[in-house]
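Notes for the structure review
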Amino acid sequence: MKKKIVQVMAVSGGILVIAGLYFTMVKAGLPYQDPTPEMVAQYERDMGIGMVLLLAGLGTGIFSLVYSVVCFLRKKIKERCH
């Protein structure tokens, strides 16, 4: 059961990273040279959404990776003790 949860977390982290990259690279893109206030607001909004999604995805992915490594090491230590 724990293994499936960790796998789902890893996949969802990857999806969040992809969504974050999409928002920061495609939706926001490069900042405009002489933007109107509306263009600046849209750029900042899209960049903010992208960064939040990217950080959430990286955090979820790193957490699931660390959790998997800790569980693997605990399992190996238990085998060695018995």
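See the structure above.
Keep in mind that this is a model prediction, so the values were computed, not measured.

Calculation notes
Residues numbered from 1 in each chain as written. Predicted model: local features only at pLDDT ≥ 70, side-chain atom pairs only at ≥ 80, totals over all residues. Heavy atoms only, no water. Helix = DSSP H or I, 4+ residues; strand = E, 2+ residues; numbered from the N terminus. Patch = residues over 30% accessible without salt bridge, like charges linked within 9 Å, V, L, I, M, F, W, Y side chains within 5 Å. Areas by Shrake-Rupley, 256 points an atom, 1.4 Å probe, with all protein chains shown as cover. Salt bridge = Lys/Arg side-chain N within 4 Å of Asp/Glu carboxyl O. Buried < 20%, exposed > 50% of the residue type's maximum accessible area, 1.4 Å probe, protein only.

**A short note on the environment of Ala19**
The residue Ala19 is located in helix H1 (residues 2–28) in this model. For Ala19 and Val69, which are 50 residues apart along the polypeptide, the C-alpha to C-alpha distance reads 26 Å.

**Some words on a nonpolar patch on the surface**
Together, Leu55, Leu58, Ile62, Val66 and Val70 give the surface a local cluster of nonpolar side chains, amounting to about 450 Å² of exposed area. If you trace the backbone, Val70 turns up in helix H2 (residues 37–81). Judged by its relative accessible area of 41%, Val70 is partly exposed.

**Focus on the pattern of salt bridges**
With the rule as written, the count across this model stands at 2 salt bridges. Between Asp46 and Arg45 there is a salt bridge, with the nearest N and O atoms lying 3.2 Å from each other. Note on Arg45: relative accessible area 47%, which makes it partly exposed. Salt-bridge contacts for Lys76 lead to Glu79; the nearest nitrogen and oxygen are separated by 4.0 Å. In this pair, Lys76 and Glu79 both sit in helix H2, 3 residues apart, roughly one turn of the helix. The exposure class of Lys76 is partly exposed, given its relative accessible area of 41%. Taking the relative accessible area as the measure of exposure, Glu79 reaches 48% and is therefore partly exposed.

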